[in-house]
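Letter by letter, the chains look like this.
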Amino acid sequence: MSDEPTPIDLEKEPTSAEDPAAAAPEAPEASADATDGDTSANAGFGRTAVTRIGQGARNVGASVRHTLTTGHQSDEEFRRLLVQRQLAAYDEVRETAREELDDVHKRITRLERIGAEDGWTPEQRQEVKVLREERKGRTAALKDLMKTPFVAVQPTDDQIKRARRAGSTRRFVALLVVIGLLGLLCVRTPQLLLLVLPVGVAVLWWLGRRPPTLVQRPVPERLLARAELALPSQAGAGAAPGVDPEEPRQYPIADVSTAEEAEEAVRRVITAVGGDLAAVTDGHREPWGWSVRARFRSGSPDDLNEEKTYKRLITALRLRRAGLLIEADPEFGDSCTVRLVMRDPFTPELMGPVPYRPPLSTSIVDAHDFGVGMDASDLAFSLAGLMLIMVGDTGSGKSGIALALAEAVTSTRDAVLINLDPAGFGVGDLGPAITLDACMDQALIGNVLDFLIKLCSARARQRRAYGWGNKWRMSPEHPAFVVHMDEWPQLSEKNKKKLIRAILIGRKEGVWFEGFSQWGTKDYLGDAIGPKMPGKILGACRRVDVTELLGGGSIGEGYRSDLLQPATHTEAGDAGQIYAQGLPGMPTRPVRYKFREITSEYAARVGAERAAAGLPDVTHTLTEAGLIKEWRKLLKAAAAPAPGPGPVADGDDEPDVPPVLLVIAEAFVQEDDPEFLTLDQVHVYLKKDDAAKWGRWDDRDDKDRLRELGKALARELRDAGVTLSSERITEAEGQPRGYYAAAVQQALAGDSSDDS
């Protein structure tokens, strides 16, 4: 190491350790140029962003302006919208007419209920009369409205321009309202700007490179779907020269593979035959074919069941003759269910086996399972209180259905079966399970009917004594009597009258009749009793039988029993298939059902089993009624050999039941078996029977009218030898004069006893 000091350069200034600038290394000379470049790049990016955001704002403005001025809508769309308003007004007039008619009907129904329960005041009677006239006028007016087709008045160019301006104004006002609300919200809550501004800038940046497409949109599908909105030239453009547009083309349902295709096929054929459809929906594949739901804009679904229209639909769809079933919807008068039946709907898998019912295992009030509907619903109903008539041609399965119903009765612990048949053996296959069997003997059948009429009268007195109200209470000690009356038209005229008399008074007393006939008209039944029976079953039968029993509009509603095919010796046909109304617990709708077959062998087996287990004992109830001796005489007569062939005295010299008494009894049936009816209520039915005779006092006030009516009725009944007089109805307000049901039943029973 050298001891010499380091020489100091005197030309350099000394640096201090405390001066950072002096201690730092010298920067290269090029750094100044780099800084100028970055500043220029940042400025360029900013200008690009501003330009893109501005372009996005211009794009948004162009889109908004295009929408505000309705540039996206064509003149054709505006034309259809204007015509749609006319169509809406057209439909609204008809809907308003329907609602007003329904309102009048409801008011009449309410007043009729009040009149039936409490009697009418003169003011209410006048109001009902006025309302009925109003209903008649409104019904006629609605029919005229429905016949008037919709004819659009095509809008002019000026009207379309005004509609476009009106639409633009509505949009502009709506935009101002939205902007105002957003501005007010930002003023009240400034913090929202921290969210709104960045989002808005981002949206404008994104739209800066997406120029808007300012074109007119196609006419919306909802406007194209309505044929009424098209120009007349467009509506007729599809019809080829020389082709009738009303004639349906072929749309074979066999070629359909999807629900949508089924709906389209039905829509086309119904439209082709003149149906004004609103929609065809709910297409569904069934085991037997297809079902769809059709809703009409005008007209009625019932029109599809008119003979000519029905045949055209069958041809267009290429279905078998009875393969189209149209069920009108009872809840919605503009709708129906269309069933396209391609094969037998009642397969063994759907029907299932006959349910086994052990002896005394059921009650007559239980719902018994008898079969199924073609929509897989159960055919199950109670036999309690059921007055039933079934009409069906030979081969309709009438005897099998009677056997199925009787088999259910014999399984109960609180009902017994009586079998009546003037021409055969009825449900005799049940053998010893039948409590009383009277077949092929008009005299014995007449005696049984006489006995049942007396039983009804006795039970009416018992019911009042027991305090059971207005219905007989079934039990093993007091069982119901269920009477199977087969071959109704084969009864003698005398026995027909007795049967009808027993039907009129038996329901409340636990004496119920189930009648079976090949025809349902008055000529064969002896009276127009068929339509008044609460329960009705129709197998394969005539068209006139359907309308006689169910009413003139039943064919249109879909009750097509006339389409069912009876069985022959070699073909099963549609035996056992039925339409029904009034079965307890069953909906009132035209659905086809089928009863499970009860074979003679099965009936004989269960009949013997039930007889061995013991049948319900009627000894106690008939002893209380004072009729046990007569019952035992009937049993003895039924056990005697049947009379041989030969003429049977018809007994036509037997005095008839006075018509006035039958009218009074029928009034109780029509009013659902009340405990009493006033003279005012009875007067309505008397005038229906003979307006000239019983309407002579209608021009008088109520007091004089009822006084004269009472005197005339008393004289008529007295001259006919009937012991029945009016009495004060203490339960009714004002205690008007009238008749108690028990007294009318007693008069009927007394008349029957006198005849015997």
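What you see is a predicted model; the values in this text were computed from it and never measured.

A. Here's a closer look at the pairing of strand S8 (residues 415-421). Summarising burial for S8: seven of the seven residues are buried, a large majority. Where S8 lies against strand S10 (residues 480-485), six bridges are found, and the strand directions are parallel. Note that in S10 the partner of Ala-415 across the bridge is Ala-480. Bridge count for S8 against strand S9 (residues 436-439) is four bridges, and the pairing is parallel. Residue Ile-418 lies in a different strand from S9, and its bridge partner there is Leu-436.

B. Focus on the packing of helix H13 (residues 442-466) against helix H14 (residues 493-506). Contact pair H13 / H14: the axes reach a minimum separation of 9 Å and the direction vectors enclose 25 degrees. Taken together, the axes of H13 and H14 are roughly parallel relative to one another. Once H13 is placed against H14, the crossing between them reads as left-handed. Contacts between H13 and H14 involve Gln-442, Ile-445, Gly-446, Leu-449, Asp-450, Ile-453 and Cys-456 from the former and Asn-495, Lys-498, Leu-499, Arg-501, Ala-502, Ile-505 and Gly-506 from the latter. Here the contact of H13 with H14 is built from residues that sort into seven nonpolar, four polar and three charged.

C. Broad picture of unusual backbone geometry. A positive phi angle, near 70 degrees, is found at Ala-376, a position not held by glycine. Looking at the secondary structure, you find Ala-376 in the loop between strand S5 (367-373) and strand S6 (378-382). Given a relative accessible area of 49%, Ala-376 falls into the partly exposed group. Even without glycine at this site, Met-440 takes up a positive phi of about 55 degrees. Following the sequence through the fold, Met-440 ends up in the loop between S9 and H13.

D. Fine view of a nonpolar patch on the surface. A grouping of Phe-172, Val-173, Leu-176, Val-177 and Leu-181 is seen on the molecular surface, where their side chains present a nonpolar patch of about 460 Å² in accessible area. Residue position: Phe-172 is located in helix H5 (residues 157-188).

E. Geometry of the sheet that holds S9. Across the sheet, which stays open at both edges, the 10 strands sit in the order S6-S5-S14-S13-S12-S7-S11-S10-S8-S9 with mixed pairing between neighbours. With partners counted over all chains shown, the strands left at the sheet margins are S6 and S9, one partner each. This sheet shows a mean twist of 25 degrees between the axes of neighbouring strands, independent of strand direction. This element, H14, spans S10 and strand S11 (511-517) of the sheet and lies at about 135 degrees to S11.

F. View of the packing of H13 against helix H20 (residues 628-639). Following both chains from N to C, one finds H13 and H20 inclined at 160 degrees, their axes separated by 11 Å at the closest point. Taken together, the axes of H13 and H20 lie roughly antiparallel to each other. Considering the relative orientation of H13 and H20, their crossing is left-handed. Within the contact between the two elements, H13 uses Leu-444, Asn-447, Val-448, Phe-451 and Lys-454 and H20 uses Glu-630, Trp-631, Leu-634, Ala-637 and Ala-638. Along the lines of polarity and charge, the residues of the contact of H13 with H20 split into seven nonpolar, one polar and two charged.

G. Focus on the confidence of the model for the protein. Across the protein, the average pLDDT comes to 82, with 87% of residues at or above 70. With pLDDT under 50 throughout, residues 235-248 is counted as low confidence; its partners more than four residues away or in other chains account for 12 contacts. Contacts of residues 752-756 to residues separated by more than four positions or lying in other chains number nine contacts, the stretch itself having pLDDT below 50.

H. Region of interest: the environment of Lys-536. Along the chain, Lys-536 turns up in strand S12 (residues 535-538). For the pair Lys-536 and Leu-388, spaced 148 residues apart in sequence, the C-alpha separation works out to 5.7 Å. At a separation of 3.4 Å, a polar atom in the side chain of Lys-536 contacts the main-chain carbonyl oxygen of Pro-531.

I. Structural context of the nonpolar core. Within the largest apolar cluster, 121 residues are counted, with the highest numbers of intra-cluster contacts made by Phe-381, Phe-513, Phe-595 and Tyr-739. Setting aside its immediate chain neighbours within four residues, Phe-513 contacts Leu-386, Met-387, Leu-388, Leu-449, Leu-452, Val-483, Leu-499, Ala-502, Ile-503 and Met-533. Of all hydrophobic cores here, the second largest spans 30 residues; its members include Val-266, Val-269, Trp-290 and Ala-316.

J. Structural detail: the packing of aromatic side chains. Inspection of every chain in the model, using the stated rule, returns nine aromatic pairs. Relative to Phe-381, the ring of Phe-370 lies with its centre 4.8 Å away and its plane at 35 degrees, an arrangement referred to as tilted. A residue pair is termed long-range when its members are at least 10 positions apart, and Phe-370 in strand S5 and Phe-381 in strand S6 qualify at 11 residues. In this structure Phe-370 comes out as buried when scored by relative accessible area, which is 3%. Counting every residue linked through ring pairs, the aromatic cluster contains Phe-370, Phe-381 and Phe-595. The ring of Tyr-90 carries Arg-94 above its face, with NZ or CZ at 3.6 Å from the centroid. A cation sits over an aromatic face here: Arg-464 above Tyr-740, 5.8 Å from the ring centre.

Criteria and thresholds
- Sequence order as written defines the numbering, with residues in each chain counted from 1.
- The predicted origin of the model limits local features to residues at a pLDDT of at least 70 and limits the giving and counting of side-chain atom pairs to 80 or more, whereas totals for whole chains, interfaces and linings rest on all residues.
- Hydrogens and waters are ignored; side-chain quantities use all the structure's heavy atoms.
- Each residue is assigned to one of three classes by its accessible area relative to the maximum for its type, calculated with a 1.4 Å probe on protein chains only: buried under 20%, partly exposed between the two thresholds, exposed over 50%.
- Under the scheme used here, helices are H or I runs from DSSP no shorter than 4 residues and strands are E runs no shorter than 2 residues, and both carry numbers assigned from the N terminus.
- When DSSP finds two or more bridges between two strands, those strands count as paired.
- Angles run from 0 to 180 degrees between N-to-C directions of axes, and those axes are lines fitted to C-alpha atoms, restricted for helices to the stretch in contact.
- Orientation categories follow fixed angle ranges, with anything under 35 degrees roughly parallel, anything over 145 roughly antiparallel, 65 to 115 roughly perpendicular, and all other angles oblique.
- Here a crossing is called left-handed whenever its near helix is offset anticlockwise from the far helix by less than a right angle, and right-handed whenever the offset is clockwise.
- For this analysis, residues touch if any pair of their heavy atoms sits within 4.5 Å.
- Residue polarity is assigned by list, with Asp, Glu, Lys and Arg as charged and Ala, Val, Leu, Ile, Met, Phe, Trp, Tyr, Cys and Pro as nonpolar; anything else, Gly included, falls into the polar class.
- Patch definition: residues with relative accessible area over 30% and no salt bridge; like charges joined within 9 Å; nonpolar side chains (Val, Leu, Ile, Met, Phe, Trp, Tyr) joined within 5 Å.
- The method behind every accessible area is Shrake-Rupley, applied with a 1.4 Å probe, and residues are considered shielded solely by the protein chains displayed.
- For this document, the term salt bridge refers to a Lys or Arg side-chain nitrogen within 4 Å of an Asp or Glu carboxyl oxygen.
- Scored from 0 to 100, pLDDT records how confident the predictor is in each individual residue.
- Nitrogen and oxygen atoms within 3.5 Å of one another constitute a polar contact, given that in protein one can donate a hydrogen and the other can accept it, and given that sequence-neighbouring residues count only through two side-chain atoms.
- Definition used in this section: a nonpolar core is a set of buried Ala, Val, Leu, Ile, Met, Phe, Trp, Tyr and Cys residues joined via side-chain atoms within 4.5 Å.
- Put simply, two rings from Phe, Tyr or Trp (the six-membered ring, in Trp's case) pair if the centres are within 6.5 Å, and we call them stacked under 30 degrees between planes, edge-to-face over 60, tilted for the rest.
- For a Lys NZ or an Arg CZ to count as sitting over a ring, it must be within 6 Å of the ring centre and within 35 degrees of the ring normal.

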